[in-house]
Amino acid sequence: MKKVIIIILIFIFSISLISCSKKEESLNCETIESIEAIENGYIFLFKDDCKYCIKDYYYVNEYYALNKEMQIYAMNSKNLGNSIEVEGVPTLLKIENNQLSVEANGYIRVKRYLINLMTT
């Protein structure tokens, strides 16, 4: 009987963790092919097969939905070429007055950066 109760509790706990995860399968913001098209805004760099990029889709979509002054765009890192060197994906770039900077790289840093933007 104890084993059955433990199995049921583990099952309920697992279901609650899965349902609470903030994961989306696609990006709602505009996907661009080149950074030259943007004068001001954030660019979320991703790769199609990057599981950490997918984890950040939720936060990119939340920021996009808020319609902040600085719009956010998505760009596949393969389109970046050699125009700028980034450590990896996901990466969040900022273009302001045609000046490009790397604001955050890695799932946790991008997530924290976007959450901070949304709460200020």
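On a predicted model such as this, the values are computed, not experimentally measured, just so you know.

Participant: I tried to follow the pattern of salt bridges on my own but got confused; where do I start?
Facilitator: Any two side chains of opposite charge can pair, on the condition that their charged atoms come close. Scanning the entire structure with this criterion turns up 1 salt bridge. Between Lys94 and Glu96 there is a salt bridge, with the nearest N and O atoms lying 3.5 Å from each other. Glu96 gets classed as partly exposed once you look at its relative accessible area, which sits at 38%.

Participant: How do you make sense of the packing of aromatic side chains when you look at a structure like this?
Facilitator: A full pass over the atoms with the stated rule returns 6 aromatic pairs. Ring geometry for Tyr42 versus Tyr63: centroids 5.8 Å apart, planes at 90°, classification edge-to-face. Placement of the pair is Tyr42 in strand E1 (residues 41-46) and Tyr63 in helix H2 (residues 51-66), with a sequence separation of 21 residues. You can call Tyr42 buried: its relative accessible area is 4%. Of the residues examined, Tyr63 reaches a relative accessible area of 3% and is grouped as buried. An aromatic cluster of three or more residues is present, and its members are Tyr42, Tyr63 and Tyr113. The ring centre of Tyr107 lies 5.4 Å from the NZ or CZ of Lys55, which sits over that ring.

Participant: Quick question: what am I supposed to make of the side chain of Ser77 here?
Facilitator: Summarising the element assignment, Ser77 is placed in the loop between strand E2 (72-76) and strand E3 (91-96). Not counting chain neighbours up to four residues away, the residues in contact with Ser77 comprise Leu45, Phe46, Lys47 and Val89.

Participant: Sorry if this is basic, but what is going on with the packing of H2 against helix H3 (residues 107-119) here?
Facilitator: Working note: a packed helix pair is described by the angle between its axes plus the distance between those axes. Packing of H2 against H3 leaves a shortest axis separation of 9 Å and a crossing angle of 10°. Classified by the angle their axes make, H2 and H3 are roughly parallel. In contact with Tyr52, Lys55, Asp56, Tyr59, Val60, Glu62, Tyr63 and Leu66 of H2, H3 contributes Tyr107, Val110, Lys111, Leu114, Ile115, Leu117 and Met118. Here the residues of the contact of H2 with H3 are counted per class, giving 11 nonpolar, no polar and 4 charged.

Participant: What exactly am I supposed to notice about H3 here?
Facilitator: With 13 residues, H3 should cover 18 Å at 1.5 Å per step; its first-to-last C-alpha distance of 18 Å lies within 8% of that length. All of the buried residues along H3 are Tyr107, Val110, Leu114 and Leu117. Burial along H3 is one-sided: seen end-on, the buried residues are contained in an arc of 105°. Those residues of H3 that are exposed and aimed more than 90 degrees away from the buried face are Arg109, Arg112 and Thr119. Buried residues along H3 sit against E1, H2, E2, E3 and strand E4 (99-105).

Rules used throughout
The numbers attached to residues start from 1 for each chain and follow its sequence in the written order. Where local features are concerned, this predicted model is filtered to residues with pLDDT of at least 70; where side-chain atom pairs are given and counted, the filter is 80 or more; whole-chain, interface and lining totals use all residues. To get the side-chain values, take all heavy atoms of the structure and skip hydrogens and water. When a carboxyl oxygen of Asp or Glu lies within 4 Å of a side-chain nitrogen of Lys or Arg, that pair is called a salt bridge. Exposure is judged per residue with a 1.4 Å probe applied to protein chains only, and the accessible area is read against the type maximum: over 50% gives exposed, under 20% gives buried, and values in between give partly exposed. Geometry of aromatic contacts follows a simple scheme: Phe, Tyr and Trp rings, the Trp one being its six-membered ring, pair when their centres are within 6.5 Å, and the pair is stacked under 30 degrees between planes, edge-to-face over 60, tilted otherwise. Strands are runs of DSSP state E lasting at least 2 residues, helices are runs of H or I lasting at least 4, and numbering of each runs from the N terminus. Whether a charge sits over a ring comes down to the Lys NZ or Arg CZ being within 6 Å of the ring centre and within 35 degrees of the ring normal. Note on contacts: a residue pair is in contact if any heavy atoms of the two residues lie within 4.5 Å. Note on method: axes are straight lines fitted to C-alpha atoms, helices fitted across the in-contact stretch only, with angles between N-to-C directions ranging 0 to 180 degrees. Any angle between 65 and 115 degrees counts as roughly perpendicular, while under 35 counts as roughly parallel, over 145 as roughly antiparallel, and the rest as oblique. Gly falls in the polar group here, along with every residue not listed as nonpolar (Ala, Val, Leu, Ile, Met, Phe, Trp, Tyr, Cys, Pro) or charged (Asp, Glu, Lys, Arg). Expected helix span is given by 1.5 Å per residue-to-residue step, counting one fewer step than there are residues. This arc is taken over the directions from the axis of the helix to the C-beta atoms.

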